[in-house]
Amino acid sequence: MELADRLMERDESALRVVIATYGGLVHGIARRVVADQTMAEEVAQDTFLAMWRRPGAYDPERGSLQAFLLGVARNKAIDAVRKEESLKRTKESLIRGYVPGEMAGPADGFAERQQVQGALDQLSDLQKEALVLAYFGGRTYREVAEELGIPEGTAKTRLRDGLTKLRHLMAGSMEANE
Amino acid sequence: MTNQDKHEEIKSLVAAHVLGSVPPEERPYVRAHILACDECLAEADKYAEVASRLALSVEEVPLPAGFADRVVAAAGIESAPARQPVEAKRGWSLFPKLAMATAAVVMAVFSFSYAELKLDLERQEQALASILSNDGGIDLKGPGGAAATVVPTETGSAFIAYGLADAPSDKTYQLWLMKGEVPVSAGTFDVDEGLAYFETSTNLDQYDGAAVTVEPAGGSLGPTGTEVVTSAV
């Protein structure tokens, strides 16, 4: 039986398998967004509890369980930093998070994750800092503009151009996953 | 501002919206346009898949020892009591119907795709209208104010329940549609904070009643457990 089906049937061992498989990555994105270690753990815990309490929110036909969990965790982490300013990472710490290097983690989706990081490394510094501030920093485009000292229109353009370039760089793997 | 100006203005915000970086006060306005505009919807979905993959670039950070045990304990798995339907302060009234209509909206499936989101919203609007008009639906009631309704939709039917407690960890709820005295399973479901919502391809025309029972996890071939809500006989 598929993991998602076992979760629907309230199989505790399925919950433990999901945590063992994706826990490090879910924790990873929480730590990437939230400056505080304890809060990042809480975000990870809330993510798995949300999945357990409402397994029907995940539809295997709409994407992988990994992408679903990371999406939920990122949303929860962003909510946390928007509620509490002190949990926000600084611009410098967010940008520093992108040092190309060896990746670790579950074998599941490893090549895809490596490709995403490789694509990010190919963005211009200006596009990357705007994307990182918006996506991992929880900044609105207005805050991105203010923090980078650029007009709002330029911030919007950098976000759009960054995503467009990533899309081209990742085109091969996205088609392969369809 | 002309419609074309408005379109151009929002189109420039589509990428920001997909990244979740449109300020909260602007978000409903931008989202409504994206869902109504084919060009912006296509643009949003073009970015949405890329944006969802950004999360994959993070490094794994090991969780502290005992994390899984804490999640399991918080989920109440080891001590899930067999609870009865929760007490509600009111009986059958407009309130459960409104609560159920709300449930239909809040139980949306998580999605990265704007096209899928649009379809979800359209289906929910239809279910919501059916619930409130009770057009051809079957109402179910139970002790303690628990209530449910099954309503016809374009693709089959939608089921919404209100006021049910979580099923025990080794049990599930199962919906039965009645053809006279003969029950036919319409699926198993779980509740989230007292609410449940699911859609089936079952056409309601041939059924004249419904009931929900508590069954072993995975469901049963025929009803074996306690009825928690049932339609008037």
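Residues numbered from 1 in each chain as written. Chains lettered and ligands numbered in written order. Predicted model: local features only at pLDDT ≥ 70, side-chain atom pairs only at ≥ 80, totals over all residues. Heavy atoms only, no water.

**Considering the overall build of chain B**
Broken down by element type, chain B carries seven helices and eight strands. Looking at chain B residue by residue over its 233 residues, the buried ones come to 46%. Restricting the contact set of chain B to residue pairs at least 6 apart, pairs at least 24 apart contribute 63%. Working note: accessible area of chain B is about 10,900 Å², and carbon and sulfur atoms make up 54% of it. (Helix = DSSP H or I, 4+ residues; strand = E, 2+ residues; numbered from the N terminus. Buried < 20%, exposed > 50% of the residue type's maximum accessible area, 1.4 Å probe, protein only. Contact = heavy atoms within 4.5 Å. Areas by Shrake-Rupley, 256 points an atom, 1.4 Å probe, with all protein chains shown as cover.)

**Considering the pairing of strand β1 (residues 138-141) of chain B**
Here β1(B) shows one buried face, formed by B:Ile138 and B:Leu140, and one open face, formed by B:Asp139 and B:Lys141. Taken together, β1(B) and the strand that follows it, strand β2 (residues 147-153) of chain B, pair antiparallel across an intervening segment of five residues, in which B:Gly144 is found at a positive phi of about 75°. (Pairing = 2+ DSSP bridges.)

**Regarding helix α6 (residues 110-121) of chain A**
All names here are of chain A. Look at α6: 17 Å from first C-alpha to last across twelve residues, which is about the 16 Å you get at 1.5 Å a residue. Listed in full, the buried residues belonging to α6 are Glu112, Arg113, Val116, Gln117, Ala119 and Leu120. The buried residues of α6 occupy an angular sector of 160° when projected down its axis, which confines them to one face. (Expected span 1.5 Å × (residues − 1). Arc of directions from axis to C-beta.)

**Considerations on the confidence of the model for chain B**
Residue and element names in this part refer to chain B. Summary statistics for chain B give a mean pLDDT of 79 and a share of 79% for residues scoring 70 or more. Across chain B, helix α2 (residues 14-18) holds the top mean pLDDT of 94, while helix α6 (residues 94-106) sits lowest at 57. Every residue in residues 78-94 scores below 50 in pLDDT, and together they form 31 contacts with partners more than four places removed in sequence or on other chains. Across the interfaces of the predicted complex, the ipTM metric reaches 0.88, alongside a pTM of 0.70. (pLDDT = per-residue confidence, 0-100.)

**A word on the interface of chain A and chain B**
Taken together, the contacts link 67 residues of chain A with 56 residues of chain B. Buried area between chain A and chain B, summed over both chains or domains, comes out near 5,500 Å², and the portion from carbon and sulfur atoms is 62%. Considering only the surface of chain A that becomes buried against chain B, A:Arg54, A:Arg62 and A:Leu163 emerge as the three largest contributors, covering 14% of it. For the pair chain A and chain B, the interface holds two salt bridges. A salt bridge links B:Glu26 to A:Arg142, with the nearest nitrogen and oxygen atoms 2.5 Å apart. The tally of links from chain A across to chain B stands at 13 residue pairs in polar contact (both at pLDDT 80 or more). (Buried area = accessible area lost by both parts, 1.4 Å probe. Salt bridge = Lys/Arg side-chain N within 4 Å of Asp/Glu carboxyl O. Polar contact = N/O pair within 3.5 Å; in protein donor to acceptor, adjacent residues only side chain to side chain.)

**What about the pattern of salt bridges?**
Here the idea is simple: oppositely charged side chains can pair when their charged atoms come close. This structure, assessed with the given rule, holds ten salt bridges over all chains. The closest approach of N and O atoms between A:Arg16 and B:Asp69, which form a salt bridge, is 2.8 Å. With A:Arg16 in helix α2 (residues 12-33) and B:Asp69 in helix α5 (residues 67-74), this pair bridges two chains. Linking A:Glu152 and A:Arg142 is a salt bridge whose minimum nitrogen-to-oxygen distance equals 2.9 Å. Of this pair, A:Glu152 sits in helix α9 (residues 152-169) while A:Arg142 is found in helix α8 (residues 141-148), placing the two residues ten residues apart along the sequence. Among the charged side chains, a network of salt bridges with common partners joins A:Glu12, A:Arg16 and B:Asp69.

**Some words on the packing of aromatic side chains**
The full count for this structure, using the stated rule, is seven aromatic pairs over all chains. When the ring of A:Phe48 is compared with that of B:Phe67, the centres are 6.1 Å apart and the planes differ by 75°; the resulting orientation is edge-to-face. Placement of the pair is A:Phe48 in helix α3 (residues 37-53) and B:Phe67 in helix α5, with the two residues belonging to separate chains. In this structure A:Phe48 comes out as buried when scored by relative accessible area, which is 0%. Each ring, one from A:Tyr135 and one from A:Phe136, has its centre 4.9 Å from the other, and the planes form 85°; the classification is edge-to-face. (Phe/Tyr/Trp six-rings, centres within 6.5 Å; stacked < 30°, edge-to-face > 60°.)

**A word on the side chain of A:Gln117**
Within the fold, A:Gln117 resides in helix α6. Within the structure, A:Gln117 has its side chain in polar contact with the backbone oxygen of B:Ser57 (distance 3.5 Å).

**Comments concerning the packing of α2(A) against α3(A)**
Residues and elements named next belong to chain A. Where α2 contacts α3, the two axes come as close as 9 Å, and the packing angle between them is 140°. Put simply, α2 runs oblique to α3. Two packed elements cross with a definite hand, and for α2 against α3 that hand is right-handed. Of the residues in α3, those in contact with Glu12, Leu15, Val18, Ile19, Tyr22, Gly23, Val26, His27, Ala30 and Arg31 of α2 are Gln37, Ala40, Glu41, Val43, Ala44, Thr47, Phe48, Met51 and Trp52. Here the residues of the contact of α2 with α3 sort into twelve nonpolar, four polar and three charged. (Axes fitted to C-alpha atoms, helices over the stretch in contact; angles between N-to-C directions. Parallel < 35°, antiparallel > 145°, perpendicular 65-115°, else oblique. Left-handed = near helix turned anticlockwise from the far one by under 90°. Nonpolar A, V, L, I, M, F, W, Y, C, P; charged D, E, K, R; others polar.)

**A short note on the environment of B:Lys118**
Structurally, B:Lys118 is set in helix α7 (residues 114-133). Between the C-alpha atoms of B:Lys118 and B:Ala36, which are 82 residues apart in sequence, the distance is 8.7 Å.

**Description of the environment of B:Gly144**
With respect to the helices and strands, the residue B:Gly144 is situated in the loop between β1 and β2. As a C-alpha pair, B:Gly144 and B:Leu164 span 20 residues in sequence and 9.0 Å in three-dimensional space.

**Structural notes on the confidence of the model for chain A**
In the predicted model, chain A carries a mean pLDDT of 85, and 88% of its residues have values of at least 70. Across chain A, the element-wise mean pLDDT spans from 62 in helix α10 (residues 171-177) of chain A up to 96 in α8(A).

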